[in-house]
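Observations on the three-dimensional arrangement
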2 protein chains.
Amino acid sequence: MLNTYYASMLSEKDIIFEIFQSSREKAKIVGEENVYDFSLGNPSVPAPASVNASIIDNVQMLEPLSLHGYSPGMGIPEARAAVAESLNQRYGCHYKPEHIFMTIGAAGALAHAFRAVTNPGDEIITFAPCFSEYKPYTVGASLRLSIVPADTDTFQINFDVFEKMLGPAVTAVLINSPNNPSGIVYSTAAIRRLSDILTEKSQQFGHPIYLISDEPYRDIIFDGVDSPYIAHYYKNTITCYSFSKSLSLPGERIGYLAVHPECAQARDIINLCPQISRTIGHNGPASLMQRILIDVCSDTADLAVYEQNKRILYDALVSYGYQCVEPGGTFYMFPKAPEPDAYAFCKKAADKNLMLVPGDIFGCPGHFRIAYCVPTERVMKALPIFKALLEEYDQYDPIVN
Amino acid sequence: MLNTYYASMLSEKDIIFEIFQSSREKAKIVGEENVYDFSLGNPSVPAPASVNASIIDNVQMLEPLSLHGYSPGMGIPEARAAVAESLNQRYGCHYKPEHIFMTIGAAGALAHAFRAVTNPGDEIITFAPCFSEYKPYTVGASLRLSIVPADTDTFQINFDVFEKMLGPAVTAVLINSPNNPSGIVYSTAAIRRLSDILTEKSQQFGHPIYLISDEPYRDIIFDGVDSPYIAHYYKNTITCYSFSKSLSLPGERIGYLAVHPECAQARDIINLCPQISRTIGHNGPASLMQRILIDVCSDTADLAVYEQNKRILYDALVSYGYQCVEPGGTFYMFPKAPEPDAYAFCKKAADKNLMLVPGDIFGCPGHFRIAYCVPTERVMKALPIFKALLEEYDQYDPIVN
């Protein structure tokens, strides 16, 4: 008999991918140029030239056995050192190479973080709206995931509910800022308050509550936005990062897990990681991709287009009457749908060849996600469709909050 | 509290890596040229030139967003097609691209195979001697691993014991041929008999028993050795492959899982794989590495050196009086230790700067593994040490069986 749990997952459709697929089908019928696909968080700007230069350099300069040989379970030492140095320079941290564990993107980092600092059956708390994959990620680590409902006025942390939910079974809290799907960056004040609560409750419960910080969008912050480096404010933080978005390398699956140098049992946590890898078939990212980080880990693609797209799209949507909290980063926006059923709204949008994702899958019904990691010209051309869509609704409250 | 299970793994030392590490320490003291490190299965021949040519080609020809973009959960379609076609041409199979799932090496493939065709608590059987990582691999999938003791005369399948152990709780059988650590290739007769038993027992138990075939050494077979393509003989076979050894790319972590086209629920098994990925942070091998397979998946490194090393080493060891079953492939050899305690023997070898791995970790005490994936000149220079080692023992039975 095949595995019943994984078989049950098949019936929970992967909505984002289904929408993306249907956009491909539509494109075949009405033409690529007539489909406005805002479904996938797939970077629209190329990797910086330094990436390909580094690949070619490594291939031409390194002897093949070194180039393609096994890397240690923790990752290639020089790549770990480069990541630590980059974090220290940019954020004034004090990571050493031994605090860095190289992973297959942020998903690989989270898979290790969850398993290292929890035991099966523990509770982990996160905040809506949140990335739809957190459910399978945490189920795979045998955790109970509790989701704090969204504060839909700000999409900052809903502290009142959080404090009520934070009981002694909680051994880890998971946050994602800049946030997918809202685009919101948690403020310094919010992170300080979170840190205070976790510190107090850790003492009260007699065990550390680890903060697992999922930060694949950390390098996409818009001008002037308050964007704290989260680990600064709470030492029991495990930072999970991916280069997918900052370097526009989503297919190459390269990221890391960084344990705060003063984290409780920091050394043990890192040492558990290769053991965890052995049980989940992880085995580390491609050597070549680790090696290029030695050259490029502080570089980014030209991310300015995302801010430009945000400005154009946000201003237009608000002027039409959509209610939306203005994003501080990422390439997502998460407006309120003009009807309670966001699926129905997204269906109407899809009928106009505009592909959006209902907020339900992010734990926040009544909203929809726009992934505006597309060429600016596509954003501009889609604006009349957004306008026409809203005009189909009489009852939508036009007052922007 | 950190995870108690993974913490417990820390005390089960990774013997192979420890030996490798101690060889690095020794090299610092006595000089690299005086340490004979036969501990790691790390290919000693470079990747074929076609690999680097394909990397450079892809980097120079493909537009960066395609080159480094997300690949579908199943893998890049052209890579899946190339693998299927290669298998069909070389082994007369009938795989279609939809039977192939791209993975992070063989470890990634096994992680999916185990989880797809079993449920937690199921029993899985494998055969000693076997790869030491099968224990964490199967624990991670919540399976009970039973190991059939070795037939130390041949290292073929010990059918008498296997048939006694094969009860209704067994939902999968795991084999590895060519075998790590013995170097033995299971014969066509053995695979036929295994197939007959599994077919009969599947009917008797009322559920399919899947055969999970771990084949990273499939392309390293010595001249004239009978080497069946295992899936030919049993349709409920899931083949797990890595390009680490055949292409000398162990760091790049690229492999696949292939489901026999007539396997029970073949389509479901493949469809479960991306769901499984979501729970273990797998997310597929690097796009670039998948792309090169379109060019090189039927190529191999120049593997002839392994057979040459085997011939020299095997003939010498036997002439000194070691008991050893002659390998049919891989780059391993698994002689009997001249004392019952293989750890003690390997310690004596290490004192002579000869690094070997005790068979205990492969479920076969009293033997030791030699990984002769080293330059031939290193094999030759190590021979006197093997000879001197054996001469320290009076009681070792010099009769070769």
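Up top is the structure these notes are about.
Each value, and the rule that gives it
- Within every chain, residues take consecutive numbers counted from 1 along the sequence as written.
- By the order in which they are written, chains take letters starting at A while ligands take numbers starting at 1.
- Two thresholds apply to this predicted model, a pLDDT of at least 70 for residue-level local features and 80 or more for giving and counting side-chain atom pairs, whereas whole-chain, interface and lining totals are computed over all residues.
- Side-chain metrics in this entry use all non-hydrogen atoms of the structure; hydrogen atoms and water are not considered.
- Only buried residues count toward a nonpolar core, which is a set of Ala, Val, Leu, Ile, Met, Phe, Trp, Tyr and Cys residues joined through side-chain atoms within 4.5 Å.
- Partly exposed describes any residue whose relative accessible area lies between the buried limit of under 20% and the exposed limit of over 50%, with all areas from a 1.4 Å probe on protein chains only and scaled to the type maximum.
- Any two residues having at least one pair of non-hydrogen atoms within 4.5 Å are treated as being in contact.
- Angles shown run from 0 to 180 degrees and are taken between the N-to-C directions of axes, each axis being a line fitted to C-alpha atoms and, for helices, limited to the stretch in contact.
- By definition, any uninterrupted DSSP run of H or I lasting at least four residues is a helix, any uninterrupted run of E lasting at least two residues is a strand, and each is numbered from the N terminus.
- Note on terminology: angles under 35 degrees are roughly parallel, angles over 145 are roughly antiparallel, angles of 65 to 115 are roughly perpendicular, and the others are oblique.
- Polar here means any residue other than Ala, Val, Leu, Ile, Met, Phe, Trp, Tyr, Cys and Pro, which are nonpolar, and Asp, Glu, Lys and Arg, which are charged; Gly is therefore polar.
- Residues reaching a pLDDT of at least 70 in both copies supply the C-alpha atoms on which the copies are superposed by least squares.
- We call Phe, Tyr and Trp rings a pair once their centres come within 6.5 Å, taking the six-membered ring for Trp, and we label the pair stacked below 30 degrees between planes, edge-to-face above 60, and tilted otherwise.
- Method remark: on a 1 Å grid restricted to protein atoms, a set of points is classed as a cavity if a 1.4 Å probe fits but cannot get out and as a pocket if it is open with protein on both sides within 12 Å along at least five of seven lines; lining residues have an atom within 4 Å of a point.
- Grid points are joined across faces, edges and corners, and a volume is the space filled by probe spheres set on the points.
- Here, a strand pair is defined by DSSP locating no fewer than two bridges between the strands.
- Accessible area, probed at 1.4 Å, shrinks when two parts are joined; the buried area is that loss added up over both.
- Between Lys or Arg on one side and Asp or Glu on the other, a salt bridge is scored when a side-chain nitrogen of the former is within 4 Å of a carboxyl oxygen of the latter.
- Here a polar contact means two N or O atoms within 3.5 Å. Within protein one must be a hydrogen donor candidate and the other an acceptor candidate, and residues neighboring in sequence count only if both atoms are side-chain atoms.
- One less than the number of residues in a helix, times 1.5 Å, gives the span that helix is expected to have.
- Two axes enter the bend calculation: one fitted to the seven residues ending at the residue in question, the other to the seven starting there, and the bend is the angle between them.

**Quick look at the nonpolar core**
Of all hydrophobic cores here, the largest spans 70 residues; its most connected members are Ile 212 of chain A together with Ile 212 of chain B. Those residues within four positions of Ile 212 of chain B in sequence are excluded, and the remaining contacts are Leu 110, Ala 113, Phe 114, Val 117, Ile 124, Ala 172, Val 173, Leu 174, Ile 175, Ile 238 and Cys 240 of chain B. Counting 64 residues, the second-largest nonpolar core is a separate cluster that includes Ile 76 and Val 83 of chain A together with Ala 47 and Phe 243 of chain B.

**Points about the packing of helix H10 (residues 266–280) of chain A against helix H1 (residues 4–11) of chain B**
Between H10 of chain A and H1 of chain B, the least distance of the axes is 9 Å, while the angle of their chain directions is 100°. Our classification of the angle between H10 of chain A and H1 of chain B gives roughly perpendicular. From H10 of chain A, Asn 271, Leu 272, Gln 275, Ile 276, Arg 278 and Thr 279 of chain A reach across to H1 of chain B, where they touch Tyr 5, Tyr 6, Ala 7, Met 9 and Leu 10 of chain B. Residues that form the contact of H10 of chain A with H1 of chain B fall into these classes: 7 nonpolar, 3 polar and 1 charged.

**Quick look at the relation of the copies chain B and chain A**
When chain B is fitted to chain A, the best match, at an RMSD of 0.0 Å, comes from turning it 180° and sliding it 0.0 Å along the axis. The superposition of one copy onto the other is thereby described by a two-fold rotation axis. When the interface residues of chain B are mapped onto chain A, 100% of them are again interface residues, pointing to one common binding face.

**Section: the packing of aromatic side chains**
Residues and elements named next belong to chain A. On inspection of all chains with the given rule, the structure shows 40 aromatic pairs over all chains. Ring centres of Phe 38 and Phe 386 lie 6.0 Å apart, and the angle between their planes is 65°; this geometry places the pair in the edge-to-face category. Within this pair, whereas Phe 38 is found in the loop between strand E1 (36–37) and helix H3 (49–61), its partner Phe 386 is found in helix H14 (residues 376–391), the two being separated by 348 residues in sequence. By relative accessible area, which is 1% here, Phe 38 ends up buried. With a relative accessible area of 0%, Phe 386 lands in the buried category. Ring plane angle 85° and centroid distance 5.8 Å describe the contact between Phe 131 and Tyr 134, whose orientation is recorded as edge-to-face. Judged by its relative accessible area of 24%, Phe 131 is partly exposed. Accessibility expressed as a relative area gives 1% for Tyr 134, which makes it buried.

**Details of empty space enclosed by the protein**
All chains considered together, the criterion is met by 5 cavities of 30 Å³ or more. Computed from the structure, the largest cavity encloses a volume of approximately 50 Å³. What lines the largest cavity is Ile 104, Glu 252, Arg 253, Gly 284, Pro 285 and Ala 286 of chain A together with Ile 104, Glu 252, Arg 253, Gly 284, Pro 285 and Ala 286 of chain B. Split into classes, the residues belonging to the lining of the largest cavity amount to 6 nonpolar, 2 polar and 4 charged.

**So, the sheet that holds strand E9 (residues 332–333) of chain B**
Residues and elements named next belong to chain B. Pairing is antiparallel in the open sheet, where 3 strands are placed in the order E9-E12-E11. At either end of the open sheet lies a strand with only one pairing partner, and these are E9 and strand E11 (357–358). As judged from the 2 bridges shared by E11 and strand E12 (residues 368–371), these two strands associate in the antiparallel manner. Bridge pairing in E12 places Pro 358 opposite Phe 368.

**Observations regarding the interface of chain B and chain A**
Counting from both sides, the interface comprises 69 residues of chain B and, opposite them, 69 residues of chain A. For the pairing of chain B and chain A, the buried interface totals around 6200 Å² over both sides, and the portion due to carbon and sulfur atoms is 57%. Per-residue buried area on chain B facing chain A is highest for Leu 2, Tyr 70 and Arg 278 of chain B; these three make up 14% of the total on that side. The partner of Glu 133 of chain B in a salt bridge is Arg 278 of chain A, with the nearest N and O atoms 2.8 Å apart. The interface formed by chain B and chain A contains 36 residue pairs in polar contact (both at pLDDT 80 or more). Of all the secondary structure elements, the ones that give two or more residues to the side of chain B that touches chain A are H1, helix H3 (49–61), helix H4 (64–67), helix H6 (105–117), helix H7 (134–140), helix H10 (266–280) and helix H11 (287–296) of chain B. It is H10 of chain B that provides the largest number of residues to the side of chain B that touches chain A, a total of 9 residues. Looking at side-chain class alone, the side of chain B that touches chain A contains 38 nonpolar, 24 polar and 7 charged residues.

**Focus: H3 of chain B**
Owing to its 3.6 residues per turn, the α-helix brings residues three or four apart onto one side. Helix length check: H3 of chain B (13 residues) gives 18 Å between terminal C-alpha atoms against 18 Å at 1.5 Å per residue, within 8%. For H3 of chain B, the set of buried residues is Val 51, Asn 52, Ser 54, Ile 55, Ile 56, Asn 58 and Val 59 of chain B. Where the residues of H3 of chain B are buried, they touch H3, helix H4 (64–67) and helix H11 (287–296) of chain A together with H4 and H11 of chain B.

**Section: the environment of Lys 336 of chain B**
Residue and element names in this part refer to chain B. Checked against the element boundaries, Lys 336 lands in the loop between E9 and helix H13 (342–351). Residue classification places Lys 336 among the partly exposed positions, given a relative accessible area of 37%. For the pair Lys 336 and Tyr 322, spaced 14 residues apart in sequence, the C-alpha separation works out to 6.9 Å.

**Details of helix H14 (residues 376–391) of chain B**
Residue and element names in this part refer to chain B. Taking 1.5 Å per residue as the helical rise, H14 with its 16 residues ought to reach 22 Å, and the 23 Å between its terminal C-alpha atoms agrees with that figure. The largest bend in H14 comes to about 30°, at Ala 382, with the proline Pro 384 one to four residues further on. Buried within H14 we find Thr 376, Arg 378, Val 379, Ala 382, Leu 383, Ile 385, Phe 386, Leu 389 and Leu 390. The secondary structure elements touched by the buried residues of H14 are strand E1 (36–37), helix H12 (304–320), H13, strand E10 (354–355) and E12.

**Overview of the sheet that holds strand E8 (residues 255–259) of chain A**
All names here are of chain A. The strand order E2-E8-E7-E6-E5-E3-E4 describes an open sheet built from 7 strands, whose pairing is mixed. Single-partner strands in this sheet number two, and they are strand E2 (100–103) and strand E4 (144–148). Sheet twist, expressed as the average angle between the axes of neighbouring strands with direction ignored, equals 20°. As paired elements, strand E3 (residues 123–127) and strand E5 (residues 170–175) share 3 bridges and run parallel to each other. Bridging from a neighbouring strand, Ile 125 pairs with Val 173 of E5. Helix H9 (residues 188–205) rests against E3, E5 and strand E6 (210–214) of the sheet, and its axis sits at about 175° to E5.

**Focus on the environment of Ser 23 of chain B**
All names here are of chain B. Mapped onto the elements, Ser 23 comes out in helix H2 (residues 15–30). Residue Ser 23 is classed as buried on the basis of its relative accessible area of 0%. Sequence-wise, Ser 23 and Pro 327 are 304 residues apart; in three dimensions their C-alpha atoms are separated by 25 Å. Discounting chain neighbours no more than four positions away, the residues touching Ser 23 are Val 35, Asp 37 and Met 355.

**Here we look at the environment of Phe 222 of chain A**
Residue and element names in this part refer to chain A. On the secondary structure map, Phe 222 appears in the loop between E6 and strand E7 (237–242). Taking the relative accessible area as the measure of exposure, Phe 222 reaches 4% and is therefore buried. Spatially, the C-alpha atom of Phe 222 lies 32 Å from that of Ala 27, the residues being 195 residues apart in sequence. If sequence neighbours within four positions are ignored, Phe 222 has contacts with Tyr 306, Glu 307, Lys 310, Pro 327, Gly 328, Gly 329, Thr 330 and Tyr 372.

Just geometry here; none of it tells us what the structure is for.
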